[in-house]
Amino acid sequence: MRAAPVTADGSCIRWVEIPGGTAPARVYLHGLGASAAPYFAASATHPALAGHRSLLVDLLGFGLSDRPADFGYTLEDHADAVAAALRAARVEAADLVAHSMGGAVAVLLATRHPDLVGRLVLVDANLDPVEPGQGMVSGAVAAYSEAEFLSTGRQELAELVGPHWWATMRLAGREALYRSATHLARGSVPTMREQLLGLSLPRTFLRPAADGPLKGEEALVAAGIDVVAVPDCGHNIMLDNPEAFARLTARALAVPRAAR
């Protein structure tokens, strides 16, 4: 396990690092309430993806990382904290593979710190804001005040998400979970979708085939984003269909780094 301080008070982001001699480094970011190693370790070591230095990074407030109660946990805050960790790890122009909320963070990371991201693979990532009370988790959490969530909402959320997701979500800092979910629901300005459309690096979006076309998929494709429907999976594509995920991610990361 590696660590780097990313805030003024020394709070650390931590990651599991898998050594490999092939450049560039690959960075894996998890979704809301998750942790990178449980979701990505099997993929990072799959024969289709192995051989690269791989960093399975836990966002501040989640998994192995510190849980400062005074951190803002906006998407921008998360992106800047990851950037500080990657600079400390001497990573640049990485292949970034990011799931769900991690995908939203990854888009902002690529926009705010373009030297750190060479190619981007978004795994059923959040691109748009949602209304409080809508959506699976972020909107549900955003319907609470912070005081309400810390008092009773967290336990109600445990019942909503079920034991598999809660296995990692219960490790998150209480403030981190609330603020991250609320800011994810609120989104960014410009939106994550708008920022993704404005990037010039190779971009792939993996989505479950069963969900049908993404909102605005034609515009994404027209902007050079490769939208790939993955069969036999739900939101957790890397866990539900690991073979297809590894194969399709490897294909995405073989695209030349020059903009399409």
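Criteria and cut-off values
Residues numbered from 1 in each chain as written. Predicted model: local features only at pLDDT ≥ 70, side-chain atom pairs only at ≥ 80, totals over all residues. Heavy atoms only, no water. Salt bridge = Lys/Arg side-chain N within 4 Å of Asp/Glu carboxyl O. Helix = DSSP H or I, 4+ residues; strand = E, 2+ residues; numbered from the N terminus. Buried < 20%, exposed > 50% of the residue type's maximum accessible area, 1.4 Å probe, protein only. Contact = heavy atoms within 4.5 Å. Expected span 1.5 Å × (residues − 1). 1 Å grid on protein atoms, 1.4 Å probe; cavity = no way out; pocket = protein on both sides within 12 Å on 5 of 7 lines; lining within 4 Å. Points joined across faces, edges and corners; volume = space filled by probe spheres on them.

Peer 1: What should I look at first to understand the pattern of salt bridges in this one?
Peer 2: Any two side chains of opposite charge can pair, given that their charged atoms come close. All told, the structure shown has 10 salt bridges when counted by the stated rule. The residue R2 makes a salt bridge to E17 at a minimum N-O spacing of 3.5 Å. Separated by 15 residues along the polypeptide, R2 in strand β1 (residues 2–5) and E17 in strand β2 (residues 12–18) bring together distant segments of the chain. In this structure, R119 and D95 form a salt bridge, with 2.8 Å as the shortest nitrogen-oxygen distance. A residue pair is termed long-range when its members are at least 10 positions apart, and R119 in strand β6 (residues 117–123) and D95 in strand β5 (residues 94–99) qualify at 24 residues. R119 sits in the buried class, given a relative accessible area of 9%. For D95, a relative accessible area of 0% puts it in the buried group. Members of the salt-bridge network, linked through shared partners, are R2, E17 and R53.

Peer 1: Could you clarify how one ought to interpret the environment of A89 in this entry?
Peer 2: Along the chain, A89 turns up in the loop between α2 (75–88) and β5. A relative accessible area of 9% places A89 in the buried class. Along the backbone, A89 and P256 are 167 residues apart, and their C-alpha atoms lie at a distance of 24 Å. In this view, A89 contacts W15, R53 and L55; residues no more than four positions away in its chain are not counted.

Peer 1: Before we go on, may I ask you to explain α2 in this structure?
Peer 2: Owing to its 3.6 residues per turn, the α-helix aligns residues three or four sequence positions apart on the same side. For α2, with 14 residues, the first-to-last C-alpha span of 20 Å sits near the 20 Å given by 1.5 Å per residue. For α2, every residue scored as buried is listed here: L75, H78, A79, A81, V82, A83, A85 and L86. Of the residues trailing α2, R90 is marked for its positive phi of about 60°.

Peer 1: I tried to follow the environment of L116 on my own but got confused; where do I start?
Peer 2: In this structure, L116 sits in the loop between α3 (101–112) and β6. In this structure, the C-alpha to C-alpha distance between L116 and V221, residues 105 residues apart in sequence, is 24 Å. Sequence-distant contacts of L116, that is, excluding residues within four places in its chain, are made with A83, L86, R87, V91, E92, A93, A94 and L109.

Peer 1: Even after reading the chapter, I still don't get the layout of surface pockets, so can you show me in this structure?
Peer 2: Any empty space left between atoms is shown by rolling a water-sized probe over those atoms. What the largest pocket holds in volume is close to 690 Å³. Along the walls of the largest pocket sit 34 residues, with S100, D124, A125, N126 and H235 positioned nearest its centre. Counting only elements with at least two residues in the lining of the largest pocket, the list comes to α5 (146–169) and β7 (203–208). The element best represented in the lining of the largest pocket is α5, accounting for four residues.

In short, the description is geometric, and any link to function would need to be established separately.
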